[in-house]
Amino acid sequence: MLSTDMAADLVGTTPVTINAWIAKGRAIGLTQARRGFKLPSWQFEPALWDAVPKLSKALGTTEGCALLAFLETPSGALGGRTPRQAIEQGHLARVIEVARAEGY
């Protein structure tokens, strides 16, 4: 998990931009008890980076916990794989279909 500052350094932007991405569903940010967010580092891998905003739209949420729960929960519609695994294996279109069906 990355802090907002660490994520900004990783992608070459500012913490303000990272916070805006979280608010728009462009990035997954988990609210901390203290101020700030923690961000899963794997979302910045190319296949997942392109998928996050599409999933946010398909699920109808920008809430970090909901996005993370969807991505990390095995799905019968994906042969028991997690949506994250399916995306990493090149099945983004199928994951988007599943997300639309499960929309929050």
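Residue numbering note: each chain is counted from 1, following its sequence as written. In keeping with the model being predicted, local features are shown solely for residues with a pLDDT of at least 70 and side-chain atom pairs are shown and tallied solely at 80 or more, while totals for entire chains, interfaces and linings include all residues. The basis for the side-chain values is all heavy atoms of the structure; hydrogens and waters are excluded.

Visitor: Would you explain the packing of aromatic side chains in this entry?
Guide: By convention here, two paired aromatic rings are described through the distance between centres and the angle between planes. Aromatic pairs are defined between Phe, Tyr and Trp rings, using the six-membered ring for Trp, whenever the two ring centres lie within 6.5 Å; interplanar angles under 30 degrees are classed as stacked, those over 60 as edge-to-face, and all others as tilted. Under the definition given, this model contains two aromatic pairs. Here the aromatic residues Trp21, Phe44 and Trp49 are joined through ring pairs into a cluster of three or more. Cation placement over rings: the criterion is NZ of Lys or CZ of Arg within 6 Å of the ring centroid and within 35° of the ring normal. Here Arg26 stacks its cationic end above the ring of Trp49, 3.6 Å away from the centre of that ring.

Visitor: Is there a simple way to explain helix H3 (residues 46–59) in this structure?
Guide: Residue pairs spaced three or four apart in an α-helix point in one direction, given the helix's 3.6 residues per turn. With 14 residues, H3 extends 20 Å between its outermost C-alpha atoms, agreeing within 8% with the 20 Å of an ideal straight helix rising 1.5 Å per residue. Every buried residue belonging to H3 is among Leu48, Trp49, Ala51, Val52, Leu55, Ser56, Ala58 and Leu59, and all of these are buried. In the core, the buried residues of H3 are packed alongside helix H2 (15–24), helix H4 (64–72), helix H5 (83–88) and helix H6 (92–102). A helix here means a DSSP run of H or I that spans at least four residues, while a strand means a run of E at least two residues long, and both kinds are numbered starting from the N terminus. Multiplying 1.5 Å by the residue count of a helix minus one yields the expected span of that helix. The classification of residues rests on relative accessible area computed with a 1.4 Å probe and restricted to protein chains. Under 20% of the type maximum is buried, over 50% is exposed, and intermediate values are partly exposed. The contact criterion used throughout is that any non-hydrogen atoms of two residues lie within 4.5 Å.

Visitor: Got a minute to help me understand the pattern of salt bridges in this structure?
Guide: When the charged atoms of two side chains lie near each other, side chains of opposite charge can form a pair. Each salt bridge in this description consists of a side-chain nitrogen of Lys or Arg and a carboxyl oxygen of Asp or Glu lying within 4 Å of one another. Considering all chains together, one arrives at three salt bridges under this definition. Taking the shortest distance from any N to any O, the salt bridge between Glu72 and Arg84 comes out at 2.9 Å. Here Glu72 is found in helix H4, whereas its partner Arg84 is found in helix H5, with 12 residues between them in sequence. Across the pair Glu97 and Arg94 runs a salt bridge whose closest N-O atoms are separated by 3.0 Å. With a gap of three residues between them, Glu97 and Arg94 both fall in helix H6, about one helical turn apart. With a relative accessible area of 36%, Arg94 lands in the partly exposed category.

Visitor: Whenever I open this one, the environment of Pro40 confuses me. Can you help?
Guide: Inspection of the secondary structure puts Pro40 in the loop between strand S3 (37–39) and H3. When its relative accessible area of 1% is taken as the criterion, Pro40 is described as buried. Counting along the chain gives 12 residues from Pro40 to Val52, while the straight-line C-alpha distance between them is 12 Å. Apart from residues lying up to four places away in sequence, Pro40 is in contact with Met1, Ile28 and Leu68.

Visitor: Is there a simple way to think about the sheet that holds strand S1 (residues 2–3) in this case?
Guide: Each strand in a sheet pairs with its neighbour through backbone hydrogen bonds, running either in the same direction (parallel) or in the opposite one (antiparallel). Within the open sheet, the three strands sit side by side as S1-S3-S2. Their pairing is antiparallel. Edge positions in the open sheet fall to S1 and strand S2 (30–31), since each of these has one partner strand only. The pairing criterion for strands is at least two bridges between them, as found by DSSP. Relative to S3, S2 is paired through two bridges, and the arrangement is antiparallel. Counted as the bridge partner of Thr31 is Phe37 from S3.

Visitor: Sorry, what's going on with the side chain of Thr4 here?
Guide: The residue Thr4 is located in helix H1 (residues 4–11) in this model. Taking the relative accessible area as the measure of exposure, Thr4 reaches 9% and is therefore buried. The residues contacting Thr4, other than those within four sequence positions of it, are Pro15, Ile18, Asn19, Phe37 and Leu39.

By themselves these figures say nothing about function.
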